[in-house]
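Architecture and fold: a report
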Amino acid sequence: MQKGNIGVTTENIFPIIKKFLYSDHEIFLRELVSNAVDATQKLKTLAATGEFKGELGDLTVRVKADKDKGTITISDRGLGMTAEEIDKYINQIAFSGANDFLEKYKDDANAIIGHFGLGFYSAFMVAKKVEIITRSYKDDAKAMKWSCDGSPEFTLEETERNDRGTDIILYVDDDCKEFLEDSRLHGLLTKYCHFLPVPVAFGKKKEWKDGKQVETEEDNIINDTCPIWTKKPSELKEEDYKKFYRDLYPMSDEPLFWIHLNVDYPFNLTGVLYFPKIKSNIDLQRNKIQLYCNQVYVTDSVEGIVPDFLTLLHGVIDSPDIPLNVSRSYLQSDSNVKKISTYITKKVADRLQSIFKNDRKEFEEKWDDLKIFINYGMLTQEDFYEKASKFALFKDTDNKYYTFEEYQTLIKDSQTDKDGNLIYLYANNADEQYTYIDAAKNKGYNVLLLDGQLDVPMINMLEQKFEKSHFTRVDSDIIDRLIVKEEQKGEELPQDKQEVLSTLFKGQMPKVKKTEFHVEAHALGESAAPIVITQAEYMRRMKDMASIQPGMSFYGEMPDMFNLVLNTDHRLIKQVLSEAESACAEKLVPVESELAMLTLRRNELHKAQEGKKDEEIPTTEKDELKDVEKKIDAQKAEKENILNGYAADNKVVHQLIDLALLQNNMLKGEALTNFVKRSVEMI
Ligand code: ADP
Ligand code: MG
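I will try to describe carefully the structure that is included in this document. Everything quoted here is computed from the prediction, not taken from an experiment. (Residues numbered from 1 in each chain as written. Chains lettered and ligands numbered in written order. Predicted model: local features only at pLDDT ≥ 70, side-chain atom pairs only at ≥ 80, totals over all residues. Heavy atoms only, no water.)

**Let's talk about the environment of S469**
We apply this condition: In this text, helices come from DSSP runs of H or I with a minimum length of four residues, and strands from runs of E with a minimum of two, each type numbered from the N-terminal end. Between two residues, a contact is recorded if the distance between any of their heavy atoms is within 4.5 Å. Under the rule applied, a polar contact is a pair of N or O atoms within 3.5 Å (in protein, one hydrogen donor and one hydrogen acceptor; residues adjacent in sequence only if both atoms are side-chain atoms).
Examined against the element boundaries, S469 turns out to sit in strand β19 (residues 469-473). For S469 and Q408, which are 61 residues apart along the polypeptide, the C-alpha to C-alpha distance reads 9.8 Å. Residues in contact with S469, not counting those within four places in the same chain, are N421, L422, Y424 and E463. Polar contacts involving the side chain of S469 include one to the main-chain carbonyl oxygen of E467, which spans 2.9 Å.

**With respect to the sheet that holds strand β11 (residues 269-275)**
Strand pairing in a sheet is mediated by backbone hydrogen bonds. Such pairs are either parallel or antiparallel. We apply this condition: Strand pairing requires that DSSP identify at least two bridges connecting the strands. Axis geometry follows a simple rule: fit a line to the C-alpha atoms, using only the stretch in contact for helices, then measure angles between N-to-C directions, giving values from 0 to 180 degrees.
On the basis of which strands lie adjacent, the open sheet formed by five strands has the order β10-β11-β14-β12-β13 and mixed pairing. Strands with a single pairing partner mark the edges of an open sheet, and in this sheet they are β10 (257-263) and β13 (296-299). In this sheet, neighbouring strand axes are inclined to one another by 20° on average, regardless of whether the strands run parallel or antiparallel. With four bridges joining them, strand β12 (residues 289-293) and strand β14 (residues 314-318) adopt parallel strand pairing. By the bridge assignment for β14, Q290 is matched with V316.

**A few points about helix α22 (residues 669-682)**
Helical geometry: 3.6 residues make up each α-helical turn, so side chains three or four residues apart lie on a common side. Worth spelling out the cut-off: By this rule the span expected of a helix is its residue count minus one, scaled by 1.5 Å. To sort residues, take the accessible area from a 1.4 Å probe on protein chains only and compare it with the maximum for the residue type: under 20% means buried, over 50% means exposed, and anything in between is partly exposed. Directions pointing from the helix axis toward each C-beta atom define the arc.
With 14 residues, α22 should reach 20 Å at 1.5 Å per residue; the first-to-last C-alpha distance of 20 Å fits that figure. Looking at α22, one finds that the buried residues are F675, R678 and S679. Viewed end-on, α22 has its buried residues packed into an arc of 100°, placing them on one side of the element. Residues E670, K677, V680 and E681 are exposed on α22 and point more than 90 degrees away from its buried face. On its buried face, α22 is in contact with α21 (651-663).

**Quick look at the side chain of D396**
In plain terms, the rule: The charged-residue count follows a simple rule in which Lys and Arg add positive charge and Asp and Glu add negative charge, with His and chain termini not counted at all. For this document, the term salt bridge refers to a Lys or Arg side-chain nitrogen within 4 Å of an Asp or Glu carboxyl oxygen.
Positionally, D396 belongs in the loop between β15 (393-395) and β16 (401-403). Buried within the structure, D396 lacks any salt-bridge partner; K400 is the closest side chain of opposite charge, at an N-O distance of 5.2 Å. Contact partners of D396, with chain neighbours within four places excluded, come to Y402, N446, V447, L448 and L449.

**Notes on the packing of aromatic side chains**
This is how it is decided: Any Phe, Tyr or Trp ring, taking Trp's six-membered ring, that has another such ring centre within 6.5 Å forms a pair; planes under 30 degrees apart are called stacked, those over 60 apart edge-to-face, and the others tilted. By definition, being over a ring means that NZ of Lys or CZ of Arg is both within 6 Å of the ring centre and within 35 degrees of the ring normal.
All chains considered together, the criterion is met by 34 aromatic pairs. Where F195 meets W229, the ring centres are 5.1 Å apart and the plane angle is 70°; that geometry is what we call edge-to-face. Of this pair, F195 sits in the loop between α6 (182-192) and β8 (200-209) while W229 is found in the loop between β9 (212-221) and α7 (238-248), placing the two residues 34 residues apart along the sequence. Judged by relative accessible area, which is 2%, F195 ranks as buried. The interplanar angle of 35° and the centroid separation of 4.7 Å between the aromatic rings of F394 and F404 together place this pair among those described as tilted. Here F394 is found in strand β15, whereas its partner F404 is found in helix α12 (residues 404-411), with ten residues between them in sequence. Comparing F394 with F404 shows no difference in burial state: the two are buried. It is K129 that lies over the ring of Y171; its NZ or CZ is 4.6 Å from the centre. A cation over a ring is seen here: K465 above Y385, with NZ or CZ 4.3 Å from the ring centre.

**Details of the pattern of salt bridges**
Per the counting criterion, the structure on display carries 50 salt bridges. A salt bridge links K129 to E131, with the nearest nitrogen and oxygen atoms 3.5 Å apart. The partner of E592 in a salt bridge is K639, and the shortest N-O contact between them spans 3.6 Å. Taken together, the residues span a long stretch of sequence, with E592 in helix α19 (residues 571-609) and K639 in helix α20 (residues 619-648) at a distance of 47 residues.

**Quick look at the environment of H314**
Along the chain, the position of H314 falls in strand β14. Judged by relative accessible area, H314 falls into the buried class, the value being 6%. Sequence separation of H314 and Q290 is 24 residues, and the distance between their C-alpha atoms is 8.0 Å. Residues contacting H314, with those up to four places away along its chain left out, are Y245, Y249, S252, V272, L273, Y274, P276, K288 and I289. Among the polar contacts listed, one links the side chain of H314 to the side chain of Y245, at a separation of 2.9 Å.

Without other data, these values stay purely geometric and don't point to any function.
Here is the structure:
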């Protein structure tokens, strides 16, 4: 029997392995099973080249747990190891500066294990003692038993074993007993070994017999040795892709599209990416793409490897060329990884482009679901924008779809304003903004439906990308001013009458926190509504942006500002004005005449002072002007008082305001109750 020390420079590597790799203990199983698979693959290669002439036979890798003995055994019928090979590959894990390195990467078990080829030694994360019982495929090889109890000392001796291959036996540590549970092991095997290229058996298949579960003779194979990404797209049918998707994500709806990735130059990468169908934005989840290295599961956090927007996709990527044993920050700067990322972006864009070209109908049908992915890509990735701007769609409020170019052509004639800007009208809620949409359509405009989660930033981006273009929400102004074309306008009411009207309504607007109403009067035509509420595009959009972008909270704090436009052509508004004028005449006449006198005097004074320097004007005149202005203000306040007093009891004013608010979903609480009561009274 041979005794010796494992060639590490550190006093005792095992406590370090255990301590620092605590969080990722479970990967020991991946390391040991993939070693068994490697050994099997190597033997197959030797058989293919004729170096191994025996029977290959059953090559299944087996994983067993024995709760009584407290052991986990991983067995293979691969190429095995001779005594010399054990010495070379297992005993001499010499490296320097181990402590430093472990300290640096203590949070990244993959990095440590991969870096040192510690794969096998990860067994000590869960075992107090490990045995290797192995016999090489070589004719004269003796069966060997290696044993190590977690100190740097090991023993190596001859043993009995007839068959070629290797058993790794772990004597599981007391604090790791969970790994002896079938359910735990099964969970780990399906996570890490689901697609290994050699069959892996975990116990026997069970079946129901006489009301209880009994074991059958058949191996319980936990893996699919030929997952679809290892096959050629030409060998696969639509159903194969769908089935694979169902296996991976049993809870998900059928995917929208998939993309089969297959490169071997300048790097090696295969995989299948799926565009998931999401029921709501809550379903949007990262970490659904699984990353494999030669069919061994590595991770499901692919940030830094695939472009950010594609982390929302589902599927599998397999590449031996992604340096997985390094830190994340290194990964992002790695040129191979950058190439991979660019390649995937291009591949995804090309695939979407071809679906768009070959089956526009299908593309349109799926657009609403696809939109979020494509918009996200366009917003975050310039090279993707370039490609996607050819097939990205706009949907209008009649559910028709257009490419950017098609839409531009459609609205060019009717929606260009006097300065040559193309005005894109949009709604973000077809029901709530129905009236405005309807008005715009009647005017011959087209209205887009931009109700997506990313439409606010999209609009901002498109305004920069498109030349001389503006996006304006249909309710951001009265119809005549949405697209200003210097058309003939209706006769406006005299200024003072407009003011009377505004005053009548302004005083009666409900007081809502953080909301301000600006009231104005305009001739909008007899058939238009008596009152229209609008919200200016700029402020509203700034507030929208503030809600999704940190650092813009200034706008978020601003009150919501609305315009209330009174239609002076409308019968009811005319009626309110004339009734108010006659009802208030008696009180208003003295105020009005006083105002007229004061205004006259003010104008005289202004005229007298015109062109004079301040010191040339007599103090008495200055004082008089001040006094007159004060009096004018007082009279105006008085006038407002009179009108407000009148309007306070005017049911028509209140009813009109409430109807306008109601139409914009702004009539709530007590105001709504009052409205209902008043309406009933009026019927
Ligand atoms: P790696 O797999 O990266 O080479 P490991 O630490 O996992 O590093 O394994 C070290 C070496 O031990 C392997 O390269 C292989 O030569 C040998 N080995 C490990 N497990 C087996 C096995 N089941 N059968 C044959 N050889 C094995
Ligand atoms: Mg290994």
